[in-house]
Amino acid sequence: MSDANLNVLITTFAGLGLPRTLSLPSHNTTRICDVVDTLYTRLPTLNHRLCLTTTTNRSLHADDNTPLSSLLSNDDDTLLSLRLSAPILGGKGGFGSQLRAAGGRMSSRKKRNQADERQNSSNRNLDGRRLRTIDAAKKLAEHLAKKPGMDAKEKEDRRKKWETVVEVANKREEEIKSGKLGAGGGRLDAEYVEGKEQAEDKTREAVMKAMREGMLQSERTGSESSVEDVEEESEGESSEDDDDDEDEWR
């Protein structure tokens with residue numbers, strides 16, 4: 001293989017004092033260990049290990065005497081891309097699977113406890129009562145013990161709410177009367193007040209008029225009915241007189 005020029009492009013990361021892409025002119029016959037040594041001479045002193053890999057994730061070591069041409073996919077290539085990274089110790093370590101396993105164990109334990117409770121709830125104590133009846137009575141007693149406090153709290157909240165409403169209304173009324181709301185902020189228009197009073201007076205008069213008319217109508221109806229009764233009585237008396245006259249003539 002002929003000795004040809006080869007540009008090695010190394011992708012770095014921040015914090016090394018190097019450009020994001022470092023270019024190292026080399027040859028295809030240059031050994032990998034020479035490239036690694038050249039790279040490390042440009043790096044600052046670090047306390048952790050760095051990894052130099054290819055784009056296919058092949059690791060390159062400082063004791064590798066293989067030429068760079070072995071990393072090329074084609075003999076005519078003049079560029080070789082490498083990647084410099086810092087390995088992270090530990091990794092995932094199957095944490096997700098551990099969580100799922102723990103959740104499964106908790107779920108199975110819960111189901112097993114529920115099954116045991118259902119099985120034991122049908123048992124009886126020494127008094128002959130079933131255990132589920134006793135448990136239900138205990139839960140009901142606890143609920144009833146908490147209910148007065150809950151009702152009292154609800155009543156107290158309702159009382160505070162209405163007190164706040166009344167306080168705000170009184171404050172608003174005082175501000176309107178004292179004129180603290182500014183020009184026209186809370187003052188009532190004189191025309192509006194006068195019109196409101198007139199409307200109330202007219203409504204009151206209309207109601208009184210309707211009531212009087214209703215009373216007169218009822219009196220008129222009663223008088224007409226009394227007149228009709230008198231006429232019927234007079235007609236009845238006249239008919240009786242006629243009958244008496246006929247009897248006397250006979």
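Numbering of residues starts from 1 in each chain and follows the order in which that chain's sequence is written. The predicted origin of the model limits local features to residues at a pLDDT of at least 70 and limits the giving and counting of side-chain atom pairs to 80 or more, whereas totals for whole chains, interfaces and linings rest on all residues. Hydrogens and waters are ignored; side-chain quantities use all the structure's heavy atoms.

The name an unreviewed UniProt entry assigns to the protein chain is Telomere stability and silencing-domain-containing protein, from the organism Neohortaea acidophila.

### Digging into the overall build of the protein chain
A run of H or I in DSSP becomes a helix once it reaches four residues, and a run of E becomes a strand once it reaches two; helices and strands are each numbered from the N terminus. When helices and strands are counted, the protein chain shows four helices and five strands. Looking at the 250 residues of the protein chain, the share that counts as buried comes to 13%. When checking whether two residues touch, look at their non-hydrogen atoms; a contact exists if any pair is within 4.5 Å. For the protein chain, the share of sequence-separated contacts (at least 6 apart) that also reach a separation of at least 24 residues comes to 58%. Each accessible area is a Shrake-Rupley estimate made with a 1.4 Å probe; only the visible protein chains count as cover when residues are assessed. Only carbon and sulfur atoms are counted for the fraction: they give 51% of the accessible area of the protein chain, which is about 20,100 Å². Classification of residues uses two cut-offs on accessible area relative to the type maximum, computed with a 1.4 Å probe and protein chains only: under 20% is buried, over 50% is exposed, and between them is partly exposed.

### Digging into the nonpolar core
Among the buried residues, those of types Ala, Val, Leu, Ile, Met, Phe, Trp, Tyr and Cys that are joined through side-chain atoms within 4.5 Å form a nonpolar core. The biggest cluster of nonpolar side chains holds 21 residues, and the ones touching the most others in it are Ile-10, Leu-52, Leu-68 and Leu-84. Those elements that place two or more of their residues in this core are β1 (5-11), β2 (21-27), α1 (32-42) and β5 (79-85). Counting residues per element, this core draws most heavily on α1, which supplies four residues. Not counting the four nearest positions on each side in its chain, Ile-10 is found in contact with Arg-20, Thr-21, Leu-22, Leu-24, Leu-39, Leu-52, Leu-82 and Leu-84.

### Quick word on the pairing of strand β3 (residues 51-54)
Alternating residues of β3 divide into Cys-51 and Thr-53 and Leu-52 and Thr-54, and every residue in both groups is buried. Pairing between strands requires that DSSP locate at least two bridges from one strand to the other. Two elements, β3 and β5, share four bridges in a ladder whose sense is antiparallel. Paired with Thr-53 across the two strands is Arg-83, which belongs to β5.

### Regarding the sheet that holds strand β4 (residues 59-60)
Two modes of strand pairing occur in sheets, parallel and antiparallel, and in both the strands are linked by backbone hydrogen bonds. Read from one edge of the open sheet, five strands run β2-β1-β5-β3-β4, paired in mixed fashion. The sheet terminates laterally at β2 and β4, the two strands that pair on one side only. Pairing of β3 with β4, which is carried by two bridges, proceeds in the antiparallel orientation. In the strand pairing of β4, Leu-52 is matched with Leu-60. To get an axis, fit a line to the C-alpha atoms, keeping to the stretch in contact for a helix; angles then go from 0 to 180 degrees between the N-to-C directions. Together, β1, β2, β3, β4 and β5 form the strand contacts of α1, whose direction differs from that of β2 by roughly 140 degrees.

### A short note on the side chain of Asp-64
In this structure, Asp-64 sits in the loop between β4 and β5. No salt bridge is formed by the buried Asp-64; the nearest opposite charge belongs to Arg-58, separated by 4.2 Å. The term polar contact refers here to a pair of N or O atoms within 3.5 Å; inside protein, the definition further demands a hydrogen-donor-capable atom paired with an acceptor-capable atom, and it admits residues adjacent in sequence only when both atoms are side-chain atoms. Among the polar contacts made by the side chain of Asp-64, one reaches the side chain of Thr-66 at a distance of 2.7 Å. Apart from the residues lying within four places of it in its own chain, the contact partners of Asp-64 are Ile-32, Cys-33 and Arg-58. In summary, the charge assignment counts Lys and Arg as positive and Asp and Glu as negative, without counting His or the chain termini. One side-chain nitrogen of Lys or Arg within 4 Å of one carboxyl oxygen of Asp or Glu is enough to make a salt bridge.

### Focus on the pattern of salt bridges
Overall, the coordinates contain one salt bridge when judged by the stated rule. Ionic pairing is found between Asp-34 and Arg-31, a salt bridge with its closest N-O pair at 3.3 Å. Look at Arg-31 and you get partly exposed, because its relative accessible area is 37%.

### A look at α1
All of the buried residues along α1 are Ile-32, Cys-33, Val-35, Val-36 and Leu-39. Along the axis of α1, the buried positions cluster into a sector of 160 degrees, meaning they face one direction only. Tucked into the core, α1 has its buried residues touching β1, β2, β3, β4 and β5. Here the arc refers to the set of directions running from the helix axis out to each C-beta atom.

### With respect to the pairing of β5
What you see with β5 is a clean split: Leu-80, Leu-82 and Leu-84 sit on the buried side and Leu-79, Ser-81, Arg-83 and Ser-85 on the side with no burial. As paired strands, β1 and β5 are joined by five bridges and run parallel to one another. Paired with Val-8 across the two strands is Leu-80, which belongs to β5.

### Concerning unusual backbone geometry
In this model, Asn-57 sits at a positive phi of 70 degrees, which is unusual for a non-glycine residue. Along the chain, Asn-57 falls in the loop between β3 and β4. We classify Asn-57 as exposed; its relative accessible area is 57%.

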